[in-house]
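An overview of the molecular structure
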Amino acid sequence: MPADLHIHSNFSDGTDSPEEVVKLAAAAGLTTIALTDHDTVGGIDPAWEAGSRLGLEVIPGIEFTTENPRAEIHILGYFLDRQDPELLAILANIQQGRIDRIYKIVEKLQGLGVTIDTEDVFAISGRRSPGRPHVARVLIQQGAVANFREAFSRYLDFRAPAYVPHYRLLPTEAVQLVKKAGGIPVFAHPAVSNCDDLIPELIAAGLRGLEVYYFGYYADQIQHYLELARKYDLLVTGGSDYHGCDAGRDLKLGDFTIADELVEKLRNEHLRGN
Ligand code: AMP
Ligand code: ZN
Ligand code: FE
Ligand code: FE
């Protein structure tokens, strides 16, 4: 049965509500999904409730944004306790950091001659995990750029002029946070970060999996990460990184799925841990 373990809702930078995500997933014939919003667990309860109504398994998840000097690294967490007090305290700090960061991005854009209003950004994000895609939407609305690609390449990418770093969280710290909250830490889209040399250090911190299957990966990239997962005895996961139908990518829920056998292994690891 097909599954998708990497999905965003409007609790971060996706455009669909958690309920809509679950409805679309069920209609597309998925049997298991994981909601993995950026730096928040707020969408899990509504997704879980909708899932239980529609007979769809919803695995609680998160995608932590971290960076080191070389790259942005995203760490997925599965089956974590969404009420863990330490987790919630750190997420509250991260969320405040995301709000402060929007002001800094807007200031940098101003310095580049592009004026946008922070309130327009928050009107889109609803102050839930505001980030660069919300800024990109305002830039598009105002005609400052034509599309997401241009918004990122001209202004918002890691090395572009309006880039502002996130709340400082190291990849190893995110791995440890997921573990402490009872979750399974997985390196998200490793080919995007292109930091394979970091994997041993992440494993030492508690990493348990690699997101080997990812929408847009080439066959040789998948093969490469399959081999690394085998070499390091890591779980293999995968997902679409769906952000909604209106998110600048031609991807619908159900277009990209992974085999249930991989979910079974993840589930077993979770059951063994408890
Ligand atoms: P932030 O949370 O502010 O760091 O924004 C990160 C999110 O922006 C990613 O998860 C993607 O959804 C999106 N993103 C990053 N780079 C690009 C890009 N080049 N084009 C479109 N979206 C991007
Ligand atoms: Zn995103
Ligand atoms: Fe990501
Ligand atoms: Fe993502």
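Residues numbered from 1 in each chain as written. Chains lettered and ligands numbered in written order. Predicted model: local features only at pLDDT ≥ 70, side-chain atom pairs only at ≥ 80, totals over all residues. Heavy atoms only, no water.

This brings us to the packing of helix 4 (residues 118-125) against helix 5 (residues 132-141). Where helix 4 meets helix 5, the axes come as close as 9 Å, and the angle between the chain directions of the two elements is 115 degrees. Seen from above, helix 4 lies across helix 5 with right-handed handedness. Only His134, Val135, Arg137, Val138 and Gln141 of helix 5 make contact with helix 4, whose side of the interface consists of Asp120, Val121, Ile124 and Ser125. A breakdown of the residues in the contact of helix 4 with helix 5 according to their chemical character gives 4 nonpolar, 3 polar and 2 charged. (Axes fitted to C-alpha atoms, helices over the stretch in contact; angles between N-to-C directions. Helix = DSSP H or I, 4+ residues; strand = E, 2+ residues; numbered from the N terminus. Left-handed = near helix turned anticlockwise from the far one by under 90°. Contact = heavy atoms within 4.5 Å. Nonpolar A, V, L, I, M, F, W, Y, C, P; charged D, E, K, R; others polar.)

Moving on, we get to the coordination of the zinc ion (ligand 2). Note on the zinc ion (ligand 2): its protein donors are Asp13 (OD), Asp13 (OD), His38 (NE2) and His243 (NE2). The metal-donor distances range over 2.0 to 2.5 Å. Taken together, the 6 donor atoms surrounding the zinc ion (ligand 2) define angles of 53 to 153 degrees at the centre, an arrangement classified as irregular. Taken in chain order, the donor set of the zinc ion (ligand 2) reads D-x24-H-x204-H. In this structure, the zinc ion (ligand 2) is positioned 5.9 Å from the iron ion (ligand 3). Of this pair, Asp13 sits in the loop between strand 1 (3-7) and helix 1 (18-27) while His243 sits in the loop between strand 7 (235-239) and helix 11 (260-273), and the two are 230 residues apart along the sequence. We note that Asp13, like His243, is buried. (Donors = N, O, S within 2.8 Å, 3.2 Å for Na, K, Ca; no water. Tetrahedral: all angles 85-135°; square planar, octahedral: opposite > 155°, others 65-115°. Buried < 20%, exposed > 50% of the residue type's maximum accessible area, 1.4 Å probe, protein only.)

This brings us to the coordination of the iron ion (ligand 4). Reference values for coordination geometry: four tetrahedral donors around a metal ideally subtend 109.5 degrees, six octahedral donors ideally subtend 90 or 180 degrees. Around the iron ion (ligand 4), the donor atoms from the protein are His6 (NE2), His8 (NE2), Glu63 (OE) and Asp241 (OD), and they sit 2.0 to 2.2 Å away. With 4 donor atoms in place around the iron ion (ligand 4) and angles of 78 to 163 degrees between them, the coordination shape is irregular. Between the donor residues of the iron ion (ligand 4), the gaps in sequence give the motif H-x1-H-x54-E-x177-D. Distance-wise, the zinc ion (ligand 2) is placed 4.5 Å from the iron ion (ligand 4).

This part takes up the site of ligand 1. Taken together, the neighbourhood of ligand 1 is formed by Asp13, His38, Glu72, Arg98, Arg101, Gly131, Arg132, Pro133, Phe152, Asp157, His166 and His243. Interatomic distance of 3.5 Å between a side-chain N/O atom of Asp13 and an oxygen atom of ligand 1. Computed on the free molecule, ligand 1 has an accessible area of 500 Å², of which 74% lies beneath the protein chains in the complex. Those elements that place two or more of their residues in the shell around ligand 1 are helix 3 (85-111) and helix 5. By residue class, the composition of the shell around ligand 1 is 2 nonpolar, 4 polar and 6 charged. (Near = heavy atom within 4 Å. Polar contact = N/O pair within 3.5 Å; in protein donor to acceptor, adjacent residues only side chain to side chain. Areas by Shrake-Rupley, 256 points an atom, 1.4 Å probe, with all protein chains shown as cover.)

Another aspect to go through is helix 3. The periodicity of an α-helix, 3.6 residues per turn, causes residues three or four positions apart to be oriented the same way. The terminal C-alpha atoms of helix 3, which comprises 27 residues, lie 39 Å apart, in line with the 39 Å expected from a rise of 1.5 Å per residue. Among the residues of helix 3, Leu87, Leu91, Ile94, Gln95, Gly97, Arg98, Ile99, Arg101, Ile102, Ile105, Val106 and Leu109 are the ones counted as buried. Elements in contact with the buried residues of helix 3: strand 3 (57-67), helix 4, helix 5 and helix 6 (148-156). The residue sitting at the N-terminus of helix 3 and contributing the capping side-chain oxygen is Asp84; that oxygen lies 3.3 Å from the backbone nitrogen of Glu86. Looking one or two residues past helix 3, Gly113 carries a phi angle of roughly 90 degrees, positive in sign. (Expected span 1.5 Å × (residues − 1).)

Right, let's talk about the pattern of salt bridges for a bit. Evaluated as defined, the whole model comprises 13 salt bridges. For Asp45, the salt bridge goes to Arg82, with nearest N and O atoms at 2.6 Å. Note that Asp45 is positioned in helix 2 (residues 44-54) and Arg82 in the loop between strand 4 (72-78) and helix 3, a separation of 37 residues in sequence. With relative accessibility at 21%, the residue Arg82 sits in the partly exposed group. Two residues, Glu269 and Arg208, come together in a salt bridge whose shortest N-O distance is 2.8 Å. Taken together, the positions of Glu269 in helix 11 and Arg208 in the loop between helix 9 (199-205) and strand 6 (209-214) put the pair 61 residues apart, joining distant regions of the chain. By relative accessible area, Glu269 is classed as buried at 16%. (Salt bridge = Lys/Arg side-chain N within 4 Å of Asp/Glu carboxyl O.)

Let us now look at the nonpolar core. Grouped together as the largest cluster of nonpolar side chains are 50 residues, with contacts concentrated most on Leu5, Phe64, Tyr78, Leu210 and Val212. In terms of residue count, the dominant contributor to this core is helix 10 (residues 219-232) (5 residues). In contact with Tyr78, other than residues within four places in its own chain, are Leu5, Ala34, Thr36, Ile59, Pro60, Gly183, Ile184, Val186, Thr237 and Leu266. Residues Leu109, Val121, Phe122 and Tyr155 belong to the second largest nonpolar core, which totals 21 residues. (Core = buried A, V, L, I, M, F, W, Y, C linked by side-chain atoms within 4.5 Å.)

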